[in-house]
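The lines below spell out each chain.
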Amino acid sequence: MKKLYTSTVTAIGGREGRVRSEDGVLDIPLAMPGVKKETTNPEQLFAAGYAACFDSALNLVAQQEKIEHGGSEVTAHVTLNQDTDGYSLSVKLDVLVRDVEMEVAQNLVDSAHKVCPYSRATKDNVTVEVESRIA
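Rules of the game
- Residues numbered from 1 in each chain as written.
- Predicted model: local features only at pLDDT ≥ 70, side-chain atom pairs only at ≥ 80, totals over all residues.
- Heavy atoms only, no water.
- Pairing = 2+ DSSP bridges.
- Helix = DSSP H or I, 4+ residues; strand = E, 2+ residues; numbered from the N terminus.
- Axes fitted to C-alpha atoms, helices over the stretch in contact; angles between N-to-C directions.
- Buried < 20%, exposed > 50% of the residue type's maximum accessible area, 1.4 Å probe, protein only.
- Contact = heavy atoms within 4.5 Å.
- Polar contact = N/O pair within 3.5 Å; in protein donor to acceptor, adjacent residues only side chain to side chain.
- Expected span 1.5 Å × (residues − 1).

A. Region of interest: the sheet that holds strand S3 (residues 27-29). What the three strands build is an open sheet, ordered S1-S2-S3; its pairing is antiparallel. The strands lining the two open edges of the sheet, one partner per strand, are strand S1 (9-12) and S3. When the angles between neighbouring strand axes are averaged without regard to direction, this sheet yields 15 degrees. In the sheet, strand S2 (residues 18-21) pairs with S3 via three bridges, with the strands oriented antiparallel. Residue Arg20 lies in a different strand from S3, and its bridge partner there is Asp27.

Next up, the structure:
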C-alpha cells in the first residue's frame, strides 16, 4: 500500500483537554458537548472530517464519470450513543447535489460511499445512513 499522507495529532486531557497537530495548524480546546461554546469535541471533529472527505469523494467520482453538477454539500450528523455494553457512534450524511436529476445524484452518492476513506473505515463497524437530495 502506498502511503499518501499521515496526520499526527496529540490529545492531552481527553474530552476536557485539547488536541494539537504536529505542525500546530490544529490547536483546539476540547470540552464535553454543550459545556463551553468556544470548544469543540471529538464528534464534531469526526463529523467535519467525514463531511469533507465524502464531498471530495463525490466530486472525484463525478469527475471520473464526467458528470457535471452545480456543486455539492455534505452535512454529517455524528451521534455519540450509549448502550448497556458501552459507547458507539452513528452517522447520518445529508448529501445535496445541485443541478442533476435525482437518479444521477443517487448514483454519485452510492459511488462516493464506496470510495470515501471514512465510509470504508466505518463499514460494518458504525451505522451510517446516507440521504441524497437535489437542488
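B. Spatial organisation of the environment of Val78. With respect to the helices and strands, the residue Val78 is situated in strand S4 (residues 72-83). Judged by relative accessible area, Val78 falls into the buried class, the value being 16%. For the pair formed by Val78 and Val126, sequence separation is 48 residues and the distance between their alpha carbons is 10 Å. When neighbours within four sequence positions are excluded, Val78 is seen to be in contact with Glu43, Phe46, Ala47, Leu89, Ser90 and Val91.

C. Structural detail: the pairing of S1. As paired elements, S1 and S2 share four bridges and run antiparallel to each other. Counterpart to Ala11 in the pairing with S2 is Val19. Hairpin geometry of S1 and S2 is characterised by an intervening segment of five residues between the two adjacent antiparallel strands and by a positive phi of about 90 degrees at Gly13.

D. Fine view of the side chain of Ser72. Within the secondary structure, Ser72 is located in strand S4. Engagement of the side chain of Ser72 in a polar contact is seen with the side chain of Asp55, the distance being 2.4 Å. In terms of polar contacts, Ser72 uses its side chain to reach the side chain of Asn59, at 3.0 Å. Sequence-distant contacts of Ser72, defined by excluding residues within four places in its chain, comprise Asp55, Leu58, Asn59, Leu96, Val97 and Arg98.

E. Expanded view of the sheet that holds strand S6 (residues 127-134). Strand order in this open sheet of three strands is S4-S5-S6, and the pairing throughout is mixed. Either end of the sheet is taken by a strand with one partner, and the two such strands are S4 and S6. The average angle at which neighbouring strand axes cross in this sheet is 15 degrees, direction not considered. One ladder, built from eight bridges, connects strand S5 (residues 86-97) with S6; its direction is parallel. In the strand pairing of S6, Val95 is matched with Ser132.

F. Quick peek at helix H2 (residues 102-115). Given a rise of 1.5 Å per residue, 14 residues ought to cover 20 Å, and the 20 Å separating the end C-alpha atoms of H2 matches this to within 8%. Residues of H2 that are buried sit in contact with helix H1 (42-64), S5 and S6.

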